[in-house]
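Here's the letter readout for the chains.
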Amino acid sequence: MKILSIGNSFSQDAQRYLHRIAKKDGLELTTANLCIGGCSLRTHYLNMLNENVAYDFEFNGETTFIKVSLKQALEGTEWDVITLQQASAFSADAETYLPYIEELVQYIKKYAPRSKIFVHETWAYEDGCERLKSIVNYNSAQEMFEDIRSAYAAAAKAIKADGLIPCGTVMLKALSLGIKKIHRDTFHASLGTGRYLLGLTWYKVLTGKDVSQNDFNEFDEPVTEEERAIVINAVNAIVQ
C-alpha cells in the first residue's frame with residue numbers, strides 16, 4: 001500500500017512511525033508526506049494553481065531534503081490512498097475548508113484517479129495551551145475538538161471521502177483512559193506516545209489490521225508499557 005499525505009507537521013507526526021509499524025507485521029506500506037509547517041487547505045490550493053515546488057518530501061517517516069510540487073508528487077507514484085487535512089489553527093472552522101478541499105479533490109482525481117481519498121481528522125490543542133485562547137478562542141481542548149470533529153465530518157461528506165482517520169477522537173480517548181502527556185509543545189503530538197497513537201490509528205483504519213499484538217518499539221522517546229496498553233485500548237475503542 002502506498003500512502004501520500006497533502007499535509008503539514010500534523011501529518012508528519014502521524015506518519016513518523018507508520019511505515020515501521022506495518023513492517024513489524026510483515027506488511028510493505030510506503031508513506032510520503034508533503035510538508036509545509038502550518039499549511040492550510042487554502043495554501044495547498046494556491047500551490048496547486050501555481051504548481052509551486054514548495055513541499056518538503058518526506059518518505060517513510062524520514063526527511064529526504066527533496067522539494068516537490070503537488071503535481072509532481074501525484075504523478076510520481078500510483079498512490080493507493082491520499083489524505084487531506086486542515087491546518088490546526090483553522091481546523092475547528094468548517095467554513096475554512098471550502099471550496100479549497102473540493103478543488104484539491106478534483107485535482108487529485110485528475111492526476112491520481114485510482115487513489116482513494118481519506119480525510120485526516122486532526123486534534124485539539126492541549127488544555128492550558130496559550131494558543132487555545134489567543135489563536136482559536138476556546139476555553140478547553142474538549143470545546144475545540146467538538147468543532148474540529150464537526151468540521152472534518154462535514155468536509156468528508158462534502159467531498160464524498162472514502163474514509164476518515166479519527167486521530168483527534170482517539171487522542172481524547174487516550175487522555176480519558178489515563179495518558180498524562182500526549183502533546184510535546186501543547187499542540188504537536190509527543191514524540192513517543194502521541195506519534196505512536198497516531199501511527200496505530202492510521203494503520204488500523206487503512207489496513208484493517210489488529211494492532212493489539214504489534215510489537216513496534218522504535219520510539220524517538222520512551223513509551224512505557226502502561227502507555228502502550230492505553231494507546232492500543234484507545235485505538236481499538238474508536239476504530240472498529
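All values derive from a computational prediction rather than experimental measurement.

Asker: Just give me the short version of the layout of surface pockets, but keep the residues and values in it.
Answerer: Counted as a void, the largest pocket has a volume near 160 Å³. Taken together, 15 residues make up the lining of the largest pocket; nearest its centre are Glu126, Ala141, Leu172, Leu175 and His183. For the lining of the largest pocket, the elements supplying multiple residues, two or more each, are helix H7 (141-158) and helix H8 (167-176). Looking at the lining of the largest pocket element by element, the count peaks at four residues for H8. Counted by class, the lining of the largest pocket contains eight nonpolar, three polar and four charged residues.

Asker: Would you mind going over the environment of leucine 34 in detail, with residue names and values included?
Answerer: Here leucine 34 is to be found in strand E2 (residues 30-35). Note on leucine 34: relative accessible area 0%, which makes it buried. Residues leucine 34 and phenylalanine 219 lie 185 residues apart in sequence; the distance between their C-alpha atoms is 22 Å. Non-local contacts of leucine 34, meaning those with residues more than four positions away in its chain, are made with Leu4, Ser5, Ile6, Gly7, Asn8, Tyr55, Asp56, Phe57, Val68, Leu70 and Ala73.

Asker: Outline the environment of glutamate 102, supporting the account with residue identities and numerical values.
Answerer: Within the secondary structure layout, glutamate 102 lies in helix H5 (residues 100-111). Judged by its relative accessible area of 32%, glutamate 102 is partly exposed. Spatially, the C-alpha atom of glutamate 102 lies 30 Å from that of threonine 186, the residues being 84 residues apart in sequence. Apart from residues no more than four positions distant in its own chain, glutamate 102 is found in contact with Ala158 and Ile159.

Asker: So what about the sheet that holds strand E7 (residues 163-166)? Which residues, and what values?
Answerer: Read across the open sheet, the seven strands follow the order E4-E3-E2-E1-E5-E6-E7; overall the sheet is mixed. Either end of the sheet is taken by a strand with one partner, and the two such strands are strand E4 (62-68) and E7. Neighbour to neighbour, the strand axes of the sheet diverge by 25 degrees on average, direction disregarded. Its contacts with the sheet put helix H9 (residues 193-207) on strand E1 (2-7), strand E5 (81-84), strand E6 (116-121) and E7, and the angle it makes with E7 is roughly 155 degrees.

Asker: Tell me what's going on with the packing of H9 against helix H10 (residues 225-238), and back it up with residues and numbers.
Answerer: The interhelical angle for the contact between H9 and H10, taken along N-to-C directions, is 35 degrees, at an axis separation of 10 Å. Crossing angle aside, the handedness with which H9 passes H10 is right-handed. Note on element contacts: H10 touches H9 through Glu227, Arg228, Val231, Ile232, Val235 and Asn236, opposite Thr193, Tyr196, Leu197, Leu200, Thr201 and Lys204. Of the residues assigned to the contact of H9 with H10, the class counts are six nonpolar, three polar and three charged.

Asker: Tell me about the side chain of asparagine 47, and please be specific about residues and values.
Answerer: Within the fold, asparagine 47 resides in helix H3 (residues 41-50). Its relative accessible area of 7% is what places asparagine 47 among the buried residues. Not counting residues up to four positions away in its chain, the partners in contact with asparagine 47 are Ile36, Asn52, Ala54 and Tyr55.

Asker: Any chance you could break down the packing of aromatic side chains for me, citing the residues and the numbers?
Answerer: What the rule picks out here adds up to 10 aromatic pairs. An angle of 45 degrees between the planes, with centres 5.2 Å apart, marks the rings of tyrosine 17 and phenylalanine 216 as tilted. A residue pair is termed long-range when its members are at least 10 positions apart, and tyrosine 17 in the loop between helix H1 (9-15) and helix H2 (18-24) and phenylalanine 216 in the loop between H9 and H10 qualify at 199 residues. Comparing tyrosine 17 with phenylalanine 216 shows no difference in burial state: the two are buried. These aromatic residues form a ring-pair network of at least three members: Tyr17, Tyr196, Phe216 and Phe219. A cation over an aromatic ring shows up here: arginine 131 above the ring of phenylalanine 187, its NZ or CZ 3.7 Å from the ring centre.

Criteria and thresholds
- Residues numbered from 1 in each chain as written.
- Predicted model: local features only at pLDDT ≥ 70, side-chain atom pairs only at ≥ 80, totals over all residues.
- Heavy atoms only, no water.
- 1 Å grid on protein atoms, 1.4 Å probe; cavity = no way out; pocket = protein on both sides within 12 Å on 5 of 7 lines; lining within 4 Å.
- Points joined across faces, edges and corners; volume = space filled by probe spheres on them.
- Helix = DSSP H or I, 4+ residues; strand = E, 2+ residues; numbered from the N terminus.
- Nonpolar A, V, L, I, M, F, W, Y, C, P; charged D, E, K, R; others polar.
- Buried < 20%, exposed > 50% of the residue type's maximum accessible area, 1.4 Å probe, protein only.
- Contact = heavy atoms within 4.5 Å.
- Pairing = 2+ DSSP bridges.
- Axes fitted to C-alpha atoms, helices over the stretch in contact; angles between N-to-C directions.
- Left-handed = near helix turned anticlockwise from the far one by under 90°.
- Phe/Tyr/Trp six-rings, centres within 6.5 Å; stacked < 30°, edge-to-face > 60°.
- Lys NZ or Arg CZ within 6 Å of the ring centre and 35° of its normal.

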